[in-house]
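The lines below spell out each chain.
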Amino acid sequence: MSEITVAGPADRERIVTSLVAAFPGDPVLRFLFPGDDDYRRGAPVFFGHLFDKRVHRSTIWTVEGGASTAIWEPPGGGDVPATEMALSPEGRERMAAYDDALHAALPDEPFWYLGVLGTHPAAAGRRLGRAVMAAGLRRAAEDGLPAVLETSNPANVELYRRAGWEVMAEFSDPLQTWIMRQ
């Protein structure tokens, strides 16, 4: 397997392209961008926003030129709300509803947050996602803190369980979502 690296600004286009390719059927992305045109326009902006706000924190791990990427938020990272993206009024409402439900379900104590874990479909099945996820898990362990993620894809719950994550909470409004901890 190729070396896991910390992403830099020059990696943005490749990583965003891979993430857009990885998430076209994801329940959260389809909640935020319900139509195919919405997704084609909105997903690159969404993933670009997440990349831009974390790249200078050195908390984005990637492999093989962006084939798989894990975007982590450190504790106390001063998260910039995604609702500040250029979205339609309906999109901002959906984003705010999901963000409100998510933040209400997250733990109060400090933790490392795995915000995005995605692998380009052409690189699927090679365990690259586990490799880039492990880099962030090591960082959380070095800090003596838990790691937390959320998923709205029921199939991912079992995948994450096999990787050592446990469901700690869930919510169903505005859509079914599981909060997991390691």
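Structure: above.
One finds Y39, F46 and F47 to be the most contacted residues of the largest nonpolar core, which totals 34 residues. Listing elements by their share of this core, those giving two or more residues are helix 1 (12-22), helix 2 (27-32), helix 3 (36-54), helix 4 (89-105) and strand 4 (112-119). Considering every element that reaches this core, the biggest residue donor is helix 3, with 6 residues. Residues A67, L114, Y160 and W178 belong to the second largest nonpolar core, which totals 23 residues.

Tallied over the entire structure, the rule returns 10 salt bridges. The salt bridge involving R139 is made with D143; its shortest N-O contact spans 3.9 Å. Take R139: its relative accessible area is 32%, and that puts it in the partly exposed class. Judged by relative accessible area, D143 falls into the partly exposed class, the value being 37%. Put simply, R54, R57 and E73 are held in one network by salt bridges that share partners.

Here the focus is the sheet that holds strand 2 (residues 60-63). Pairing is mixed in the open sheet, where 7 strands are placed in the order 1-2-3-4-5-7-6. Of all strands in the sheet, those with a lone pairing partner are strand 1 (5-6) and strand 6 (166-171), marking the two edges. Examined bridge by bridge, strand 2 and strand 3 (residues 68-73) share 4 bridges and lie antiparallel to one another. Paired with V63 across the two strands is S68, which belongs to strand 3. Of the strands in this sheet, strand 2, strand 3, strand 4 and strand 5 (147-151) touch helix 5 (residues 128-142), which is tilted by about 25 degrees from strand 3.

Reading guide: rules and limits
- Residues numbered from 1 in each chain as written.
- Predicted model: local features only at pLDDT ≥ 70, side-chain atom pairs only at ≥ 80, totals over all residues.
- Heavy atoms only, no water.
- Core = buried A, V, L, I, M, F, W, Y, C linked by side-chain atoms within 4.5 Å.
- Buried < 20%, exposed > 50% of the residue type's maximum accessible area, 1.4 Å probe, protein only.
- Helix = DSSP H or I, 4+ residues; strand = E, 2+ residues; numbered from the N terminus.
- Salt bridge = Lys/Arg side-chain N within 4 Å of Asp/Glu carboxyl O.
- Pairing = 2+ DSSP bridges.
- Contact = heavy atoms within 4.5 Å.
- Axes fitted to C-alpha atoms, helices over the stretch in contact; angles between N-to-C directions.

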